[in-house]
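Structural features, examined
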Amino acid sequence: NKVSVVDYYSNRIRLEKEFPMGIGYCSLGKYNGSDELYVPSNDGWLYILNAATLEQKDRIYVAGYRIGSVVSVNDKLFVGSSDMTSGTYANCVKSYDRGSKAMLGRTGYWDATRLMHLTGTTIELVDLSINLIPVDLSYYQFDANGVPVSRLNDSYHSDYQMDVSVFRSFPDGSRFITSGYGTVFNKSLLFDRYLKPNGTY
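Residues numbered from 1 in each chain as written. Predicted model: local features only at pLDDT ≥ 70, side-chain atom pairs only at ≥ 80, totals over all residues. Heavy atoms only, no water.

What follows is about the pattern of salt bridges. Summed over all chains, the structure comprises ten salt bridges. With its nearest N and O atoms 2.7 Å apart, the salt bridge here joins Asp 35 to Lys 30. We classify Asp 35 as partly exposed; its relative accessible area is 44%. Of the residues examined, Lys 30 reaches a relative accessible area of 49% and is grouped as partly exposed. (Salt bridge = Lys/Arg side-chain N within 4 Å of Asp/Glu carboxyl O. Buried < 20%, exposed > 50% of the residue type's maximum accessible area, 1.4 Å probe, protein only.)

The following block contains the structure:
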């Protein structure tokens with residue numbers, strides 16, 4: 001439940017901010033020329049901090065018992081919430097306008113997921129389930145206004161190794177990698193390869 005600012009060159013902690021509850025996967029972003037840190041929490045609030053000072057600038061109430069992650073893309077915030085007021089898991093991924101804080105849309109397959117933006121794409125995201133075993137994988141596309149356009153769910157369901165804590169996009173956004181096995185998928189959620197041919201850790 002703590003966020004730290006670390007000086008890269010001296011390896012010393014410059015600032016720390018502690019939250020009274022657990023937090024999810026955070027995200028850096030820029031809004032109106034200012035660097036911001038978005039911190040999802042287990043009380044249903046998404047906190048917006050000044051990235052340099054960790055001072056709170058604003059917050060958005062997302063609802064639910066926890067928020068798994070947040071991603072900032074083009075002045076829009078995408079959150080892996082646990083808000084099931086729609087009556088189903090299938091609407092827990094929510095999008096918000098950073099400026100107005102208005103909700104723009106919702107989609108999804110599971111609650112409190114870890115979202116990741118596919119680098120180089122307009123607004124294409126993938127997510128991994130945090131609370132589900134085996135880990136489930138999904139893809140989402142949003143339009144420029146943050147409204148969901150399409151979604152796709154993993155067809156393998158545990159055939160390949162995935163790890164929510166190891167999750168990065170390739171530079172062109174066409175593929176991404178997850179797990180200590182180096183599992184590579186393309187953005188159509190088709191398995192590409194393990195970094196090691198035999199799939200060893």
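Our focus in this paragraph is the environment of Lys 2. Among the secondary structure elements, Lys 2 is positioned in strand E1 (residues 2–7). In sequence terms Lys 2 and Lys 101 are 99 residues apart; their C-alpha atoms lie 24 Å from each other. (Helix = DSSP H or I, 4+ residues; strand = E, 2+ residues; numbered from the N terminus.)

In this structure, the largest pocket spans a volume of roughly 320 Å³. When contributions to the lining of the largest pocket are tallied by element, the ones reaching two or more residues are strand E7 (70–73), strand E11 (114–117) and strand E15 (167–169). Residue composition of the lining of the largest pocket, by class: seven nonpolar, five polar and two charged. Taken as a whole, the second largest pocket encloses approximately 190 Å³ of empty space. Split into classes, the residues belonging to the lining of the second largest pocket amount to three nonpolar, one polar and no charged. (1 Å grid on protein atoms, 1.4 Å probe; cavity = no way out; pocket = protein on both sides within 12 Å on 5 of 7 lines; lining within 4 Å. Points joined across faces, edges and corners; volume = space filled by probe spheres on them. Nonpolar A, V, L, I, M, F, W, Y, C, P; charged D, E, K, R; others polar.)

Before going further, it helps to spend a moment on the sheet that holds strand E5 (residues 45–50). Read from one edge to the other, the open sheet built from four strands follows the order E3-E4-E5-E6, with strand pairing classed as antiparallel. On the outer flanks of this sheet lie strand E3 (27–31) and strand E6 (56–61), each paired with one strand and no other. Each strand of the sheet is rotated relative to its neighbour by a mean of 30°, with strand direction disregarded. Sheet topology note: the E5/E6 ladder contains five bridges and is antiparallel. Bridging from a neighbouring strand, Leu 49 pairs with Gln 56 of E6. (Pairing = 2+ DSSP bridges. Axes fitted to C-alpha atoms, helices over the stretch in contact; angles between N-to-C directions.)

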